[in-house]
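# Examination of the molecular architecture
The chain contents come next:
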Amino acid sequence: MNGNTFRMPARRLVTVAAATVLAAGPAALAGAGTAQATGDHGRASATVLRTGLDVSLLNKTVNVPLAVTLNEVHAPETARKTALTARLDGVDGGRAFSVLRADVAESAATVTAAKSEGRANLARARLHVPGLPLLSVVEVEQVTSTATCEAGKKPVADANLLGPVTVLGKKVTLTTGGTTEVEVPGVGEVRLDLSRTETTSRTAAATALELKVSVDPLDLNVAEVDGTLTLAKATCESPAAPEAEQPPAKADEPPAEQEAEPAAEVRPQGARTEADLAETGGSSATPYLAAGAAALVLAGGGSLLLARRRRG
């Protein structure tokens, strides 16, 4: 029996198995690619008041920093405190003095997977610095700031000042988005920046009011104050946008099974004659046998002819 008869099913099995592996490979890779990466949930903060003041005493022989905050929160957190006091050695006999008093002073910061937001609100507030216990540096009716960052959207920053503003006892009109300078002889000067906002592709910041203060009451060098005051500031950073889920890639169809053609027989050249002769019952001696048989026939024919002649 021809050995190729046994090889045909094996060859067909190998073809089908190879097609199955090639089809399963892309499908497995596609399944692994559908997992979504978890992104950053973003950040948010809010502050009602932050001070960065340098207080100089006794003709600037003593420098005391005044760095305090009111209702500074980071998400997720809220705060509602309406007064802030501080103590500084050499100022008012070391007793606590009022920095800020307000009817409403609140801040909030929230963060979810879709949005982060900071909010600050200050209403009917009076701000003081050392050396001016009876005169407010600034009085505001209401200031608010909001910074909102949504995933996949442009961040938004908004700051508002509502109602009148009084600086060093003088009512002033502030320029939206600009700078206003107020100077009071014998007291000092204040520079105010209103409604400052900044945004980037993922962040936002809003400040309702920022004051740069330089105060030297009556030029007595008792309490010279220089620095910055920030009212109602909010910031945020967008959460990472979720990756769009990609549909699994279709697996390649396995190639259609084709009928395998019988393999051509390959035989050694020297064995071809013997095999072919063996299939017809012959061998390599057949020509000689045929020649001998022919000779016998001829010899027999000659003998018969001679015998007939003899009889005749």
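This structure is a prediction, so every number in the text was calculated from the model and none was measured. (Residues numbered from 1 in each chain as written. Predicted model: local features only at pLDDT ≥ 70, side-chain atom pairs only at ≥ 80, totals over all residues. Heavy atoms only, no water.)

### Structural notes on the overall build of the chain
Rules: We count a stretch as a helix when DSSP gives it H or I for four or more residues in a row; a strand needs E for two or more, and each element gets its number in order from the N terminus. The buried label applies to any residue whose accessible area, calculated with a 1.4 Å probe on protein chains only, is under 20% of its type's maximum; exposed applies above 50%, and partly exposed to all values in between. By definition in these notes, contact holds between two residues if any of their heavy atoms fall within 4.5 Å. For every accessible area listed, the method is Shrake-Rupley and the probe measures 1.4 Å; residues are considered covered only by the protein chains on display.
Along its length, the chain carries three helices and 15 strands. Counting over 312 residues, the chain shows a buried share of 32%. Across the chain, every contact between residues at least 6 apart in sequence was considered, and the portion connecting residues at least 24 apart equals 59%. Surface accessibility of the chain: about 19200 Å² in total, with carbon and sulfur atoms responsible for 55%.

### Thoughts on the nonpolar core
Soluble globular proteins tend to bury their nonpolar side chains together. We apply this condition: Take the buried residues of types Ala, Val, Leu, Ile, Met, Phe, Trp, Tyr and Cys, join any two whose side-chain atoms come within 4.5 Å, and each joined set is a nonpolar core.
With 62 residues, the main nonpolar core has Leu49, Leu100, Leu122, Val138, Val167, Leu209 and Leu211 as its most contacted residues. When sequence neighbours within four positions are dropped, the list of residues in contact with Leu49 reads Val68, Thr69, Leu70, Leu84, Val99, Leu100, Leu127, Thr230 and Leu231.

### Topic: the environment of Arg87
Mapping Arg87 onto the fold places it in the loop between strand S6 (83-86) and strand S7 (97-111). For the pair Arg87 and Leu66, spaced 21 residues apart in sequence, the C-alpha separation works out to 9.0 Å. Ignoring anything within four residues of it in the chain, the contact list for Arg87 reads Gly94, Arg95, Ala96 and Phe97.

### A look at the pattern of salt bridges
Selection rule: Counted as salt bridges are all cases of a side-chain nitrogen of Lys or Arg within 4 Å of a carboxyl oxygen of Asp or Glu.
For the structure shown, the criterion picks out nine salt bridges. Glu210 is the salt-bridge partner of Arg196, the closest N and O atoms lying 2.5 Å from each other. In this pair, Arg196 sits in strand S13 (residues 188-199) while Glu210 sits in strand S14 (residues 203-215), placing the two residues 14 residues apart along the sequence. Exposure remark for Arg196: the relative accessible area of 37% places this residue in the partly exposed category.

### Remarks on the side chain of Asn121
For clarity, the threshold we go by: Here a polar contact means two N or O atoms within 3.5 Å. Within protein one must be a hydrogen donor candidate and the other an acceptor candidate, and residues neighboring in sequence count only if both atoms are side-chain atoms.
With respect to the helices and strands, the residue Asn121 is situated in strand S8 (residues 115-127). In terms of polar contacts, Asn121 uses its side chain to reach the side chain of Gln142, at 3.2 Å. Leaving out residues up to four positions away in the same chain, Asn121 has contacts with Val48, Val104, Ala105, Glu106, Gln142, Val143 and Thr144.

### Some remarks on the side chain of Ser145
Within the element layout of this structure, Ser145 appears in strand S9 (residues 138-150). The exposure class assigned to Ser145 is buried, which follows from its relative accessible area of 1%. Within the local environment of Ser145, its side chain forms a polar contact with the backbone oxygen of Ala232, the two atoms lying 2.6 Å apart. Setting aside residues no more than four positions away along its own chain, Ser145 makes contact with Gly118, Arg119, Ala120, Asp158, Ala159, Ala206, Thr207, Ala208, Ala232, Lys233 and Ala234.

### A few points about the state of the cysteines
Two cysteines form a disulfide when their sulfur atoms are joined by a covalent bond. Defined as follows: Pairs of cysteine sulfur atoms within 2.5 Å are identified as disulfides in what follows.
Considering all chains together, one arrives at one disulfide under this definition. Between the sulfur atoms of Cys149 and its disulfide partner Cys236 the distance amounts to 2.0 Å. Judged by the sign of its S-S torsion, about 65°, the cystine formed by Cys149 and Cys236 is right-handed. Here Cys149 is found in strand S9, whereas its partner Cys236 is found in strand S15 (residues 224-237), with 87 residues between them in sequence. Summarising the burial analysis for this pair, Cys149 and Cys236 share the class buried.

### Topic: the environment of Val55
Considering the arrangement of structural elements, one finds Val55 in strand S1 (residues 43-57). Distance from Val55 to Leu66, taken between C-alpha atoms, is 6.9 Å for residues eleven residues apart in sequence. If we skip the residues at most four places from it in the chain, Val55 touches Val62, Asn63, Val64, Leu66, Leu88, Val91, Pro130, Glu224 and Val225.

### Regarding the confidence of the model for the chain
For the record, the criterion: The predictor attaches a confidence to each residue, and that confidence, scored 0 to 100, is pLDDT.
Across the chain, the average pLDDT comes to 75, with 62% of residues at 70 or higher. Note that pLDDT drops below 50 for residues 1-39; the model gives that stretch 26 contacts with residues more than four away or on any other chain.

### Details of the environment of Ala240
Its place among the elements puts Ala240 in the loop between S15 and helix H2 (272-280). For Ala240 and Ala113, which are 127 residues apart along the polypeptide, the C-alpha to C-alpha distance reads 8.2 Å.

### Describing unusual backbone geometry
A cis amide bond, omega -10°, links Ala75 with the succeeding residue Pro76. Here Pro76 lies in the loop between strand S4 (73-74) and strand S5 (77-80). Positive phi values are uncommon outside glycine, yet Ala232 reaches one of about 55°.

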